[in-house]
Every structure is written in structure tokens, then in C-alpha cells.
Amino acid sequence: MYGNPHEPWNGVQRFYEFHLTLPGELDVMGAAQQGQPFPNIGFNKDVAWSHTVSTAKRFTLYQLSLVPGDPMKYNYINSAGVEEKRKIETVPVTIQLPNNETMVRNIYVSQYGPMINVNAINGRLPAWGTSNLAFTIRDAASENPRALNQWRSMNKATSVEDLVDRMQDIVGLGFVNTIATDRYGKALYADISTVPHVTKQQLEACSSAASGPVLGALIASDLPALNGSIAACEWGNDADSPQAGIFGRSNLPFLIRDDYVANSNDSYWLSNLEEPLTDFSPLLRRRLTPFLGANPVDGVPLLMRSRMGLTQIADRLSNKDNLGGNIFNLDNMQEVVYGNRSYVAELILDDVLTDCRANSTLPLTSGATIDATQACNILSNWDRRNNLDSKGAHVFREFWRNVDFTETTDNAFSVKFDINDPVNTPRGLIINDSTRKALGDSIAYFNSKKIALDAPLSSLQYVIDAGMNNDKIPMHGGLGREGIFNVAQGPDLNEDGTYRPINGGPTYMQSVTFDNKGPVVEALLAYSQSADTTRPYHRDQTRRYSDKEWIRLPFSAGEISKQAVGNKIQLREKFRPD
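These numbers were taken from a predicted model, which means no experiment stands behind them.

Peer 1: Explain the packing of aromatic side chains to me, please; I cannot follow it from the model alone.
Peer 2: The geometry of an aromatic ring pair comes down to the distance between the two centres and the angle between the two planes. The final tally for this structure, using the stated rule, is 16 aromatic pairs. Here Trp9 and Tyr527 contribute two aromatic rings whose centre-to-centre distance is 5.5 Å and whose plane-to-plane angle is 70°, an arrangement assigned as edge-to-face. Residue Trp9 is found in the loop between strand S2 (7-8) and strand S3 (15-22), and its partner Tyr527 is found in the loop between strand S26 (518-525) and helix H12 (540-546); the two are separated by 518 residues along the sequence. Each member of the pair, Trp9 together with Tyr527, is buried. Seen from their ring centres, Phe399 and Trp400 are 6.2 Å apart, and the 55° between their planes marks the pair as tilted. Of the two residues, Phe399 and Trp400, neither departs from the other in class, the shared state being buried. Cation over ring: Arg397 sits above Tyr499, and NZ or CZ is 4.7 Å from the ring centre. Taking NZ or CZ as reference, Lys472 lies 4.5 Å from the ring centre of Tyr462, over its face.

This is the structure:
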């Protein structure tokens, strides 16, 4: 099993590594975000698991029909068909300020949850009271107090089947998919998480034109929005759900296989090419409108990174990657992960180069032109990877960033998406004036910054080690939009044309297998264990990432004893009855 959630490198979402033992109850190792007492991602003697962010929606907006002349009341038809005037409650909140001062601000709450000033989010939406409308939100995750119990239970799993049962019983994961494997050779994908109980039929009925144009516009923007003036649009309930208003175990997708499963922050529907999952609520999808109406689709184009992941699996199982054999083991899995292949380059670069050779004078957005001969020669020699020594990766990256392209659509390609060939379609980039400008502008940009078009990626992409005189640690990897499986990215470009320091991408990377003694694990926390720049463990693992290394994790008592550093510290709490 390989897992690598791509979370921010700073703030409360930062992971830390630990091994937790509660005698007779828990023996689990992995990583958790700050303040979590149980590993969110990790392994025990039987099971290893990881998470990716799910595409499922966790909330719905509700459009309220205000009582004319009173913006603090709204009309509501209850389940008996009786119209009521319901109040928007005012909840004063006291905020502590410095110097013992306080500030009081009001939060306004409907029966569904907090009111939202949607006009402040998007100026095209109506301000509170316009046309007697207002908007409120109901959030399934905010009603879920079970997350810690969920991870505690997962920490005890003895097989992937047992892991599924534990997730289905609690349904405590708030926003993530789960990937897992066990020592019996089974693989699991699941999106067993808190999702509002809104069916396709209910979403269509409760956002219909009869409720006005705003709901339709929100749905088209992939925001689930319902008519809040009628009880029929309240969330439904499943008898097998532990929480009112969310889907229960029978309506949430999972798949157990003995070959493979994969997920790269994409929809649940295609974790294995041989066994797609369909017919769940549209709220489990990233996009809504393709799954509504009389002829809903089963799938939309995958993210480029998802296509890369599935391609890498196929290449490994067929030995097209020339790593030997036709199975994954710990070593070749790590080679695949650190291969840094660019799926988009593999998909479209040949077409771009053919056009460039035939039309080497490219237009610029400014109206000028540029000779692309040198750049296209460099791109033809590029290894189409994002390794430290890859030359030309930056030119391609900025070209692709300039292309007007949305990953889950196919309007940029001549061969459209085919549900029966989801990895290889869409393809055939449409070469036109816009794509030529995208390449021309990329070349002109780096020329203007005096950065060589064949500069190695190591000279442009890095992390700062503040504890070592701001030493730059070169970083491999790239953008998910490029189809780079090993995501590593910063905010954008510096003024000098280099990339701003990586602050997102690889986090707790674990590669896990099992032998007859238990788990065999090599892992890495890419930003390192300590956020304190004065500590020796602030960037030590980051340097290992740069060198494509791994750390063998000790799990058994014997392994731990051999690798122990320093003295054992025992903390005791004295009970004081007073």
C-alpha cells in the first residue's frame, strides 16, 4: 500500500508521526494532524490505510423565502402541509480581544444552520432580503462528533473487511476517502463518510425552476442548493445511519479487490477499471449537473493525476515500466512513486512539438511573436518527468498553466471522453492560436527572467531550511494538473522566475507490505517532524525526500529497542481527590 495525502505544510493540518500503544487494546503507528490523539493514517500488525480528500459534498445551501417586510422571518410549509412563519434567531457571540477588551458580534441562525451573506461570496447572488430571499447552510460534518471514535476504531482493524464494518458502523469520517490493504492481500477503496442524505430525485425537485433561477445557478456551479421553504426538501434519513440526515452504510460506496484499488482525490466511481461504482447520490461527485436530468452519465473525465496513477498501475502489472515482473513490491512501488512522470506531457507533448516544428514562430498575448525553435528542441529532449535533473519541465509547466483547460471536461481535446476508455480519453489537444500563445508566453516569460529554458528543475523548485542559514533544498515533483502523481507545489512564481518555496504536496508518505512477522514499512514525513526551525528534526526528512530516500519504521518491541534514541521518559499524573 502506498499513501500520501497532499495537505498544507503549515498550520493545524500539519501531520506528526507517532507510535501509540495501549496495552491489550492498541498497537498502531502512523501520523495524525495536530491535536489528534489517534493516528489518522497508518498501520497496525494486520492493516495499513491512508486517506485522500473525497469529492463528496458535505453541506447544502438552503434558499429561504422571507416574509415580506420582515427579513428575520421566513415561510415554511411543514410535513402536514401547513404554512408557518419561522424565526431567524440572533445569537450574540463574545470575542475576547487583547488588553482584556471584548467585542460582541451576532450570528444569525435558521432551523438549518447559520445564515450566509452569499452576496459577499459572489456579487451575482442576491443580498439578504433581495426579492425576499435569504440563504442558510446545513453542514453534515458540523453535526458529526464521531471522528475521534472512528479513527480509534480503525486503529484496531484486523482486515479490510473489518475496517469496512468499523467505518460503516460509525460513519465518522468527515471529508475523506479511504485506501487500505491487509496482510491477507486484499485492497479496499471506500468513501464511507458523512454525506447529506439528498437523492438525485430530491436534488432535482428541490432546485427546480419553480423555486427561481438562483438555485439552478448554484447547482450549475456545483453547489448543492435546495428550497428551504418546504419540509419535502429536508435531508432524508437512513435506518442504518448513526446520524440524522446523512446516508447510512447501504448508500455509501466501497470496493474490496485482490488486484488493486486507487484514488487520487477523484470521484469514487473508478477506483478499479474492472469494477466501476455507480448509482450513488450526485452529492458524492465533484460535479453535479452531468449526473442530473433524464439521461445522467456514469462518469466524467478523470483528473490527470488519476489517469497517471491508473496508467502507472497498468504499466507495472504489464511490466511496461521495465521494473521487472508484473507485481508491486516495496522497492518498485517506491520507484514508481518517485518516477515523477508527467502524464500531460505523455499525452500531448508530441502534438505540441509537431506543430512547433511546422510553425516555430509563435504568437504572444502581447501581440508580438517569438521564435520557439530552441525551446521546442529542449522540450523534445526533456525526459517528461519532474526530477531534479529534468531540463525543460518548467517551460512545459507554465505552458500548461496557460492553457484554458478544466480537468473534468473534454472541450480542449479532439477525442472526447469515452466512458468505456476513461484512462485514455479525452486526448488529442486541439492546437490553435490559444495553445500557441500559451507556449509562446511561457518561453517569453523565462527569457524575460534570464532563466535558461534548459535549466534543471533543481535550480527552480526548492524548500527553505531556515535553521541552516536559509539553505535551499531542491524538490522534485510537480502539479496535479500536470498529471504528476508525486505532487509538490508552492503558491506560484517568485519575481525572479523561480518557484516560491514548496508549501504543499507530499506529507506523510508510507509504503507498506506485510511478512510473516508483521508490517514492513518505509515512510517519510516530507516536511519533517518539527515545525521549530531551531530543532535538528526540522528539515532532516525533507532532505531525504530530495534524495529520494525512505526511512524503515520500527514497529515490534525488538525493532524499537534497536533504534531507540536518548533515554526513556516516563510521565505520571498524580491523582488529587481535592
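Peer 1: Any chance you could explain the layout of surface pockets here in plain terms?
Peer 2: Gaps left between atoms are located by rolling a probe of water-molecule size over the structure's atoms. Empty space within the largest pocket amounts to approximately 1300 Å³. Of all the secondary structure elements, the ones that give two or more residues to the lining of the largest pocket are S3, strand S4 (26-33), H12, strand S27 (551-552) and helix H13 (557-563). Looking at which element gives the most residues to the lining of the largest pocket, the answer is S3, with 4 residues. Here the lining of the largest pocket is built from residues that sort into 11 nonpolar, 9 polar and 5 charged. Of the volumes computed, that of the second largest pocket is approximately 910 Å³. Together, 39 residues line the second largest pocket, and Met1, Tyr2, Val261, Phe328 and Met333 are the ones closest to its centre. Broken down by secondary-structure element, the contributors of at least two residues to the lining of the second largest pocket are strand S1 (2-3), strand S6 (47-53), strand S14 (176-182), helix H6 (304-318), helix H7 (330-337) and strand S25 (508-515). Of all the elements, H6 adds the most residues to the lining of the second largest pocket, at 5 residues. For the lining of the second largest pocket, the per-class residue count stands at 19 nonpolar, 14 polar and 6 charged.

Peer 1: Would you explain the packing of H6 against helix H8 (residues 343-358) in this entry?
Peer 2: Running from amino to carboxyl end, H6 crosses H8 at an angle of 100°, the nearest separation of the two axes being 8 Å. Compared by their axis directions, H6 and H8 come out roughly perpendicular. Taking contact as the criterion, the partners of Met304, Arg307, Met308 and Thr311 in H6 are, on H8, Tyr343, Val344, Glu346 and Leu347. Classifying every residue of the contact of H6 with H8 by side-chain character gives 5 nonpolar, 1 polar and 2 charged.

Peer 1: Would you take a moment to explain the sheet that holds S26 for this structure?
Peer 2: The strands making up a sheet are joined through hydrogen bonds of the backbone, oriented either antiparallel or parallel. Spatial strand order, S1-S25-S26-S27: 4 strands in an open sheet with antiparallel pairing. Lying at the two open borders of the sheet, with one neighbouring strand each, are S1 and S27. Where S1 and S25 come together, 2 bridges link them in antiparallel fashion. Paired with Gly3 across the strands is Gln510, a residue of S25. Contacting S1, S25 and S26, H7 crosses the sheet at an angle of about 160° to S25.

Peer 1: I tried to follow the nonpolar core on my own but got confused; where do I start?
Peer 2: Considering soluble globular proteins, one finds that nonpolar side chains tend to be buried as a cluster. Membership of the largest hydrophobic core comes to 135 residues, with the highest contact counts inside it found for Leu163, Ile348, Phe396, Phe399, Trp400, Leu439 and Ile443. The leading source of residues in this core is H8, at 9 residues. Aside from chain neighbours lying at most four places away, what touches Ile348 is Phe396, Phe399, Trp400, Phe413 and Leu429. Counting 10 residues, the second largest nonpolar core, distinct from the first, contains Leu61, Leu133, Leu218 and Ala225.

Peer 1: What is the right way to read the environment of Leu388 from this model?
Peer 2: Looking at where Leu388 falls in the secondary structure, it is placed in the loop between helix H9 (373-381) and helix H10 (393-402). For the pair Leu388 and Asn340, spaced 48 residues apart in sequence, the C-alpha separation works out to 9.8 Å. With sequence-adjacent residues up to four places away left out, Leu388 is seen in contact with Pro456, Leu457, Ser458, Pro474, Met475, His476 and Ser546.

Peer 1: How do you make sense of the pattern of salt bridges when you look at a structure like this?
Peer 2: Pairs may arise between side chains of opposite charge once their charged atoms sit close together. Tallying each qualifying case throughout the model produces 26 salt bridges. The residue Asp266 makes a salt bridge to Arg286 at a minimum N-O spacing of 3.3 Å. Of this pair, Asp266 sits in the loop between strand S17 (254-257) and H6 while Arg286 sits in the loop between S17 and H6, and the two are 20 residues apart along the sequence. For Asp266, a relative accessible area of 5% corresponds to the buried category. Lys437 serves as the salt-bridge partner of Asp433, at 3.4 Å between the closest nitrogen and oxygen. Taken as a pair, Asp433 and Lys437 lie in helix H11 (residues 433-448) at a separation of 4 residues, close to a single helical turn. Classification of Lys437 as partly exposed rests on a relative accessible area of 28%. In this structure, a network of salt bridges that share partners links the residues Glu25, Arg152 and Lys156.

Peer 1: Explain the state of the cysteines to me, please; I cannot follow it from the model alone.
Peer 2: Cysteine pairs can be covalently joined through their sulfur atoms, and such a bond is termed a disulfide. Enumeration over the complete set of coordinates arrives at 2 disulfides. A sulfur-sulfur separation of 2.1 Å characterises the disulfide bridge that pairs Cys206 with Cys233. Torsion about the S-S bond of the Cys206 and Cys233 cystine: about -95°, corresponding to left-handed handedness. Pair noted here: Cys206 is in the loop between helix H4 (200-205) and helix H5 (213-220) and Cys233 is in the loop between strand S16 (225-227) and S17, with a separation of 27 residues, a long-range link. When its relative accessible area of 4% is taken as the criterion, Cys233 is described as buried.

Quick notes on the rules
Residues numbered from 1 in each chain as written. Predicted model: local features only at pLDDT ≥ 70, side-chain atom pairs only at ≥ 80, totals over all residues. Heavy atoms only, no water. Phe/Tyr/Trp six-rings, centres within 6.5 Å; stacked < 30°, edge-to-face > 60°. Helix = DSSP H or I, 4+ residues; strand = E, 2+ residues; numbered from the N terminus. Buried < 20%, exposed > 50% of the residue type's maximum accessible area, 1.4 Å probe, protein only. Lys NZ or Arg CZ within 6 Å of the ring centre and 35° of its normal. 1 Å grid on protein atoms, 1.4 Å probe; cavity = no way out; pocket = protein on both sides within 12 Å on 5 of 7 lines; lining within 4 Å. Points joined across faces, edges and corners; volume = space filled by probe spheres on them. Nonpolar A, V, L, I, M, F, W, Y, C, P; charged D, E, K, R; others polar. Axes fitted to C-alpha atoms, helices over the stretch in contact; angles between N-to-C directions. Parallel < 35°, antiparallel > 145°, perpendicular 65-115°, else oblique. Contact = heavy atoms within 4.5 Å. Pairing = 2+ DSSP bridges. Core = buried A, V, L, I, M, F, W, Y, C linked by side-chain atoms within 4.5 Å. Salt bridge = Lys/Arg side-chain N within 4 Å of Asp/Glu carboxyl O. Disulfide = S-S within 2.5 Å.

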